[in-house]
Amino acid sequence: MQILLVEDDAQTALYVTEGLQQRGHVVSWAPTGSDGLNQARGSQYDLLIVDRMVPGIDGLRLVQALRQERRNTPVLFLTTMSGLDDRVEGLNAGADDYLTKPFAMSELVARVNAIARRSGGSGGGRLTTLRVGELEMDLLDRTVRRGGREIELQPQEFKLLECLVQNAGQAVTRTMLLEKVWDLDFDPRTNIVESHMSRLRSKVDRGFAREMIQTVRGSGYLIRAD
Amino acid sequence: MQTRLIRTDSFRHAAIYTLLFMGSMAVLIAIVYFILDHSYKANLLREVGDDLTSIRTAYATARHGKEEHEAKEMIDDRMLAPDSNDVYLLQRGPRKIAGNLPAMTPQTGEFRLPVPGRVQGDGDGHVILGRGEKLSKDLYVFVGEDLYAVNQTERGVLYAFGLVLLASLLLAFGGGLLLSRGFLKRVDAITDTCRAIMMGRLGDRIPISGRQNELGRLGDVINAMLDRNQALMESLKQVSTDIAHDLRTPLTHLRYRLEGARNAAATTEDYAAAVEAAIAECDQLLTVFAALLRIAQIEAGARRAEFRDVALDQLVERVRDIYKPVMDDTRHPLEVRPGAGVPVRGDAQLLMQLVSNLLENAIHHTPEGTPVVLESGMEDGHAFLVVADRGAGIPEADRVNVLKRFFRQEQSRTTPGSGLGLSLVAAIAEVHNAVIKLTDNNPGLRVLVTFS
């Protein structure tokens, strides 16, 4: 992917650039908001990673300006602004995701992949059936089948599985699951995700030779077809 | 000081009211004076008219040749009345026949004339008002009255009014000064307090007058604001101290660990393990920072503007859905009693965190196998939330302290956690105007959150 990074801190910029380059992305760096805006207008990027507090035009205004010009390049805010309303403010400005510093590279990569998948994927409308290998989810009937056998899931387990399947083949982090499945904006001190995940796993993978849901150490979970 | 007194609003008000009062008094006096003067003179002229009529009648009805004599008798009679200010004159041609005025040039109708023997217009009020008439071709009669007494009375009235005016002017001036002095004294008390606070004496307060007037209420409100500010400043100071103390320990640990790795690690695995552990310690530190920031933001009340109705029963059920699996895993039977649907004004995310933190505390601090009760409902018109466990509970002496930042009971120092869970709960409750009560659950801890 062609990624534009708008970030004034050189050390963070280096960390992000190297991390993403190792995973095959091409990253350009803009150290100020005005640079970022010019570059974003000048060439076609697949994703913008924007710090909210950058010199020149601040990140929030940059994104608002781009959205007003009907440029729909996905945006991920990467910022130290972790206030109660900052996240909502960022998403309302037109960003696709919001990640606060400090962050783990695995978290950033997972979110970048999720955005790439959403914007690059199916495109035309929302799917009503999701499929990963022999696993099939019907989002209307709320039913799940694996290899023709129906799997009974609790509503929360269904949402969890849906989140994994939408990012099939890619790691989904614990924080992403907390945000998307349970709408929690704080980090619980108990193993909520793990407990739900182990229940989901036992239902999805029990009685099958191969485990579809896998733990990615230091990163999160993923569901895989092969 | 004098000019300050006079420049106050209260003095200005007193002055304006005095002027208005004086104005209305002057109008009143003018009206009274005019009415008094008019009626007195009308009365006088009527009496003069009556006398003239009597004299004319006496003259007309007298036997022939006795006319002049009858008129003279009549005037002489009238003049016998004691203390009379009346003046009479009867003259034929230039010769005076009767009366107490010297003969004068006959003049008919109503007119004024000076009292003979006095210099005219010396302003002492001796003026005669009366009426002259011709009884026959050369017989002239004049009846009048010295206005001196009337003028004296009128002067007295004016004088009295003047005194009243002067007295009220003095009273108003004095009252205005007194008022403004009292006002200034209390404003000075406020400014002095403000100056003292600016100089750093943060504990100073405006003296309380006890009176529920506008300045008293202003003082009360300012004092309340100062209390709040001082509490905030102290809590800020406390936070900085707490951070310095409590973050130093994990930072020191981190340093030991890295130093140990530098000195002792021999293999790549050793280094990997040390790095892994160091990252975990950093994450723990960051968690504490995040919690502190969050508490500060919640305490600042930024979210109040976004408060909506939150149904506690639905919240409790949502918490159950999220936490049931964890609690099954830790073998803490969870009993949920969502009472009647009670909406409270609040922030769903924050309330969610409040319940989660209380539940997580119960999970972390009670032995496996003990039940936890989560309840919501309505009592005495107040919505409430309860989280009750069957663990060791909290000694009564510590129950206030656990809500403070970084306070951790000695026995829980070893269990993971920031020590901020309950202070976060306290901050969230505070911003919702809810009261937290920790009680003994016999055994265990019962946390009651009552909304107002």
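Residues numbered from 1 in each chain as written. Chains lettered and ligands numbered in written order. Predicted model: local features only at pLDDT ≥ 70, side-chain atom pairs only at ≥ 80, totals over all residues.

**Details of the overall build of chain B**
No. 1: Helix and strand counts for chain B come out as nine helices and 12 strands.
No. 2: In chain B, which comprises 452 residues, the share counted as buried stands at 24%.
No. 3: Within chain B, counting contacts between residues at least 6 apart in sequence, those at least 24 apart form 62% of the total. (Helix = DSSP H or I, 4+ residues; strand = E, 2+ residues; numbered from the N terminus. Buried ≥ 20, exposed ≤ 12 C-beta atoms within 10 Å, placed from the backbone. Contact = placed C-beta atoms within 7 Å.)

**Focus: the sheet that holds strand β11 (residues 213-216) of chain A**
All names here are of chain A.
No. 1: Here we have three strands laid out as an open sheet, ordered β10-β12-β11, and antiparallel in their pairing. What marks the edges here is a single partner per strand, and that holds for β10 (172-173) and β11.
No. 2: Note: β11 against strand β12 (residues 220-223), four bridges, orientation antiparallel. Within β12, the position partnered with valine 216 by the bridge is glycine 220.
No. 3: Contacting β10, β11 and β12, helix α6 (residues 155-166) runs over the sheet at an angle of about 75° to β12. (Pairing = 2+ DSSP bridges. Axes fitted to C-alpha atoms, helices over the stretch in contact; angles between N-to-C directions.)

**Here we look at the environment of isoleucine 128 of chain B**
Residues and elements named next belong to chain B.
No. 1: Looking at the secondary structure, you find isoleucine 128 in strand β4 (residues 127-134).
No. 2: Of the residues examined, isoleucine 128 has 20 C-beta atoms within 10 Å and is grouped as buried.
No. 3: In the structure, isoleucine 128 is positioned 12 residues away from proline 116 in sequence and 9.6 Å away in space, judged by C-alpha atoms.
No. 4: Discounting chain neighbours no more than four positions away, the residues touching isoleucine 128 are Val87, Arg112, Leu113, Val115, Gly144, Glu145, Asp146 and Leu147.

**Points about the confidence of the model for chain B**
Residue and element names in this part refer to chain B.
No. 1: Of all residues in chain B, 94% have pLDDT values of 70 or greater, and the mean over the chain is 84.
No. 2: Note on residues 408-416: pLDDT under 50 across the span, and five contacts to partners over four residues away in sequence or across chains.
No. 3: In the predicted assembly, ipTM is 0.86 and pTM is 0.64. (pLDDT = per-residue confidence, 0-100.)

**What to know about the pairing of strand β2 (residues 95-99) of chain B**
Residues and elements named next belong to chain B.
No. 1: As paired elements, strand β1 (residues 86-92) and β2 share four bridges and run antiparallel to each other. Among the inter-strand pairings, leucine 90 is bridged to a residue of β2, identified as alanine 98.
No. 2: Where β1 hands over to β2, the hairpin turn is made up of two residues, of which glycine 93 adopts a positive phi near 55°.

**Describing the nonpolar core**
No. 1: Leu76 of chain A together with Val355 and Leu359 of chain B are the most contacted members of the largest nonpolar core, which has 102 residues in total.
No. 2: Here this core gets nine residues from one element, more than from any other, and that element is helix α8 (residues 348-365) of chain B.
No. 3: Non-local contacts of valine 355 of chain B, meaning those with residues more than four positions away in its chain, are made with Leu315, Val316, Val319 and Leu385 of chain B.
No. 4: Membership of the second largest hydrophobic core comes to 19 residues, among which are Ile55, Ala71, Ala98 and Val143 of chain B. (Core = buried A, V, L, I, M, F, W, Y, C linked by C-beta atoms within 7 Å.)

**Considerations on the sheet that holds strand β11 (residues 434-440) of chain B**
Strand pairing in a sheet relies on backbone hydrogen bonds, with the paired strands running either antiparallel or parallel.
Residues and elements named next belong to chain B.
No. 1: On the basis of which strands lie adjacent, the open sheet formed by five strands has the order β7-β9-β10-β12-β11 and mixed pairing. The open sheet has two edge strands, β7 (334-338) and β11, and neither has a second partner. Neighbouring strand axes in the sheet, compared pairwise and without regard to direction, differ in orientation by 15° on average.
No. 2: Pairing analysis gives five bridges linking β7 to strand β9 (residues 372-379), with the strands arranged parallel. Paired with glutamate 335 across the strands is valine 373, a residue of β9.
No. 3: Lying over the sheet, helix α7 (residues 312-329) contacts β7, β9 and β10 (382-389), oriented at roughly 170° with respect to β7.
No. 4: Running over the sheet, helix α9 (residues 421-431) touches β11 and β12 (445-451) and is turned about 135° from β11.

**Re the pairing of strand β5 (residues 139-146) of chain B**
All names here are of chain B.
No. 1: Judged by how many residues are buried, β5 sits mostly within the fold: six of eight residues are covered.
No. 2: As paired strands, β1 and β5 are joined by seven bridges and run antiparallel to one another. Residue glutamine 91 lies in a different strand from β5, and its bridge partner there is tyrosine 140.
No. 3: Of the strand pairs in this sheet, β4 and β5 are connected by seven bridges, and their pairing is antiparallel. Bridged to glutamate 133 within β5 is valine 141.

**Notes on the interface of chain B and chain A**
Many analyses report the size of an interface as the accessible area lost when the parts associate.
No. 1: Facing 20 residues of chain B, the contacting portion of chain A comprises 19 residues.
No. 2: Of all the secondary-structure elements, those providing two or more residues to the side of chain B that touches chain A are α6 (268-299), α7 and α8 of chain B.
No. 3: Here the residues of the side of chain B that touches chain A are counted per class, giving 10 nonpolar, six polar and four charged. (Nonpolar A, V, L, I, M, F, W, Y, C, P; charged D, E, K, R; others polar.)

**Concerning the packing of helix α5 (residues 214-264) of chain B against α6 of chain B**
All names here are of chain B.
No. 1: Direction vectors running N to C along α5 and α6 enclose 175°, while the axes themselves pass 9 Å from each other. When the axes of α5 and α6 are compared, the pair comes out roughly antiparallel. Residues Val239, Ile243, Leu247, Pro250, Leu251, His253, Leu254, Arg257, Leu258 and Ala261 of α5 lie in contact with α6, whose contacting residues are Asp270, Tyr271, Ala274, Ala277, Ala278, Glu281, Cys282, Gln284, Leu285, Val288 and Leu292.
No. 2: Here the residues of the contact of α5 with α6 sort into 16 nonpolar, two polar and three charged. (Parallel < 35°, antiparallel > 145°, perpendicular 65-115°, else oblique.)

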